[in-house]
Amino acid sequence: MACERGAELWVRNPRLAMHATSSMLRALVDPWDGLGPLVSSHRWGVALACVCLATFASGAVWAWRFNPLPAVLQEMKREGELARATEQEITEQATRRSRMQWVVAVADGAVGAPARALGLTLALALAAWLVGARLPLGAAWQVALVALLPVALGHVALALAMARSPG
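Residues numbered from 1 in each chain as written. Predicted model: local features only at pLDDT ≥ 70, side-chain atom pairs only at ≥ 80, totals over all residues. Heavy atoms only, no water.

Engineer: Give a detailed account of the environment of glutamine 101, specifying residues and quantitative values.
Structural biologist: Tracing the backbone shows glutamine 101 in helix 6 (residues 87–131). In this structure, the C-alpha to C-alpha distance between glutamine 101 and proline 68, residues 33 residues apart in sequence, is 9.4 Å. Excluding residues within four positions of it along the chain, glutamine 101 makes contact with Trp62, Ala63 and Phe66. (Helix = DSSP H or I, 4+ residues; strand = E, 2+ residues; numbered from the N terminus. Contact = heavy atoms within 4.5 Å.)

Engineer: A description of the packing of aromatic side chains should follow, citing residues and the corresponding values.
Structural biologist: Following the criterion strictly, the structure yields two aromatic pairs and no others. With centroids separated by 5.8 Å and ring planes inclined at 80°, the aromatic side chains of tryptophan 44 and tryptophan 141 adopt a geometry described as edge-to-face. Note that tryptophan 44 is positioned in helix 4 (residues 44–65) and tryptophan 141 in helix 7 (residues 137–147), a separation of 97 residues in sequence. By relative accessible area, which is 39% here, tryptophan 44 ends up partly exposed. (Phe/Tyr/Trp six-rings, centres within 6.5 Å; stacked < 30°, edge-to-face > 60°. Buried < 20%, exposed > 50% of the residue type's maximum accessible area, 1.4 Å probe, protein only.)

Engineer: I'd like to hear about the nonpolar core, residue by residue, with values.
Structural biologist: Counting residues in each nonpolar core, the largest one holds 12 residues, listed as Ala47, Leu48, Val51, Cys52, Ala54, Ala113, Ala117, Trp141, Leu145, Leu148, Leu149 and Ala152. Of all the secondary-structure elements, those providing two or more residues to this core are helix 4, helix 6, helix 7 and helix 8 (149–164). Top element by residues in this core is helix 4. It accounts for five residues. Contact partners of leucine 48, with chain neighbours within four places excluded, come to Pro114, Trp141 and Leu145. Val72, Met76, Ile90 and Ala94 belong to the second-largest nonpolar core, a separate cluster that totals five residues. (Core = buried A, V, L, I, M, F, W, Y, C linked by side-chain atoms within 4.5 Å.)

Engineer: Quick one: what's the story with the state of the cysteines, residue by residue and with numbers?
Structural biologist: The bond known as a disulfide is covalent and runs between the sulfur atoms of two cysteines. Tallied over the entire structure, the rule returns zero disulfides. Unpaired in terms of disulfides, cysteine 50 finds its nearest cysteine sulfur in cysteine 52, a separation of 9.5 Å. Judged by its relative accessible area of 31%, cysteine 50 falls in the partly exposed class. (Disulfide = S-S within 2.5 Å.)

Engineer: Could you give an account of the packing of helix 4 against helix 6, naming the residues involved and the relevant values?
Structural biologist: Running from N to C, helix 4 and helix 6 cross one another at 155°; their axes reach a closest spacing of 8 Å. Judged by the inter-axis angle, helix 4 sits roughly antiparallel to helix 6. The chirality of how helix 4 crosses helix 6 is right-handed. Residues Leu48, Val51, Cys52, Thr55, Phe56, Gly59, Ala60, Trp62, Ala63 and Trp64 of helix 4 form the contact with helix 6, whose own contacting residues are Gln101, Trp102, Ala105, Val106, Asp108, Gly109, Ala113, Pro114 and Arg116. Here the residues of the contact of helix 4 with helix 6 sort into 13 nonpolar, four polar and two charged. (Axes fitted to C-alpha atoms, helices over the stretch in contact; angles between N-to-C directions. Parallel < 35°, antiparallel > 145°, perpendicular 65-115°, else oblique. Left-handed = near helix turned anticlockwise from the far one by under 90°. Nonpolar A, V, L, I, M, F, W, Y, C, P; charged D, E, K, R; others polar.)

And the structure:
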């Protein structure tokens, strides 16, 4: 019910989505003044989507640029299978490794990034408990996602650099 109402608000009021994006960018550019309003705004969905998409983008560009053939040939040579392997078998193994890289990229964006955010959330909650401060889990989740935004920016930069590099 609340999720449907939230989606309805975003569709009816596109300024709400623009405000969430602008507050997130302000937190990246001016963290001293921008982090407080971003954390207190309770808009963690946009931050989570940015972290997941950026992580997936860098993994996808890595998988796109990945050449598994040298590793496959080296492994087959080490195991003594290279002399009796056909070209089709070598190509199949290289294709399988390439597909595994794509699966890893998708899994890292879909599962790995939220898992890292959850781990950071639990670490923040534990640290607050150890020093005797009161930190609700929802606030720790929002702080963790905002803290991961620079990491997401690094993933975007990495993806752009890998996509533009020759070879």
